[in-house]
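# Fold and geometry: a report
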Amino acid sequence: QVVENSEIETISVFNVDSDTVTKISVKSQEEEYNITKNGNEWILSNESGLNVSKTKIQSLVYVASSVSATKIISENPNDAEKFGFNKNNSSVTIHTKDGISKTVVIGDETLDKQNVYIKLSDEDTIYLKSASGVKSLIPDYKSFINMELVSVDLSNLSLLTHIHIEKDGNT
């Protein structure tokens, strides 16, 4: 399926109804984690006690359920190694209600680091996807954690008189 855009044409690599997704497993060079659907709620692995951003989790669900690319690079199975698909690759696996799973494997970056080669684990076609698009497909675990401790209305700081931070008796 090729959709004409004003500048870049988009090629569908993988598409599934996001409502049928039950689990997404992300594996990068540094870490592995997953998000799992429990009823209507998404659970991030090892999140106990952390303030997790539900909108960032939902964003990954949408991004992973409809993966597109900008260009087909090769359909030759012998080319996989040339584009970096011969090592311990980063990947994202999407599991659906019907028991089917699809894994998008991440290959090498292009020389200008603007794009990355991707492919489905069970297919030979190698695609080109923007580096930013790939980053949103395999986000860092810490990106889901809401680090905001206090929210201050920045429109009127004249109301702020002081900040007192104390931890284990240390101020």
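The structure this text deals with has already been given above.
Residues numbered from 1 in each chain as written. Predicted model: local features only at pLDDT ≥ 70, side-chain atom pairs only at ≥ 80, totals over all residues. Heavy atoms only, no water.

Right, let's get into the pattern of salt bridges. For the structure shown, the criterion picks out 7 salt bridges. Among the ionic pairs, Glu 41 bridges to Lys 54, the shortest N-O distance being 3.6 Å. Of this pair, Glu 41 sits in strand E5 (residues 41-44) while Lys 54 sits in helix H1 (residues 54-65); the two residues are 13 residues apart in sequence, bridging distant segments of the chain. Here Lys 54 falls in the partly exposed class, since its relative accessible area comes to 37%. Salt bridges sharing common partners tie together Lys 102, Asp 122 and Glu 123. (Salt bridge = Lys/Arg side-chain N within 4 Å of Asp/Glu carboxyl O. Helix = DSSP H or I, 4+ residues; strand = E, 2+ residues; numbered from the N terminus. Buried < 20%, exposed > 50% of the residue type's maximum accessible area, 1.4 Å probe, protein only.)

A few words on the sheet that holds strand E9 (residues 101-109). Judged by pairing direction, the sheet is antiparallel, and its 8 strands sit side by side in the order E5-E4-E3-E8-E9-E10-E11-E7 without closing on themselves. Because the sheet does not close on itself, it has two edges, and the strands there are E5 and strand E7 (71-74). Here the average twist between neighbouring strands, direction ignored, is 25 degrees. Of the strand pairs in this sheet, E7 and strand E11 (residues 126-130) are connected by 3 bridges, and their pairing is antiparallel. Opposite Ser 74, over in E11, you have Ile 126 as the bridge partner. Contacting strand E3 (21-27), strand E4 (32-38), E5 and strand E8 (91-96), H1 runs over the sheet at an angle of about 95 degrees to E5. (Pairing = 2+ DSSP bridges. Axes fitted to C-alpha atoms, helices over the stretch in contact; angles between N-to-C directions. Contact = heavy atoms within 4.5 Å.)

We now examine H1. With 12 residues, H1 extends 17 Å between its outermost C-alpha atoms, agreeing within 8% with the 16 Å of an ideal straight helix rising 1.5 Å per residue. Of all the positions in H1, only Ile 57, Leu 60, Val 61, Ala 64 and Ser 65 are classed as buried. The buried residues of H1 occupy an angular sector of 120 degrees when the element is viewed end-on, so they sit on one face. (Expected span 1.5 Å × (residues − 1). Arc of directions from axis to C-beta.)

Its location among the elements puts Gly 169 in the segment after helix H2 (131-137). Residue classification places Gly 169 among the exposed residues on the basis of a relative accessible area of 59%. Gly 169 sits 79 residues away from Ser 90 along the chain, and the two C-alpha atoms are 43 Å apart.

On to the pairing of E3, then. Across 6 bridges, the pairing between E3 and E8 is antiparallel. Looking at the pairing, Lys 27 lines up with Ser 91 of E8. Inspection of the sheet shows E3 paired to E4 by 5 bridges, in the antiparallel sense. By the bridge assignment for E4, Lys 23 is matched with Thr 36. What sits between the antiparallel neighbours E3 and E4 is a turn of 4 residues.

Pairing between E4 and E5: 4 bridges, direction antiparallel. Counterpart to Asn 38 in the pairing with E5 is Glu 41.

Unlike most non-glycine residues, Asn 46 shows phi in positive territory, near 60 degrees. By secondary structure assignment, the location of Asn 46 is in the loop between E5 and H1. Judged by its relative accessible area of 67%, Asn 46 is exposed. The phi angle at Lys 113 is positive, at roughly 60 degrees, despite the residue not being glycine. On the secondary structure map, Lys 113 appears in the loop between E9 and strand E10 (115-120).

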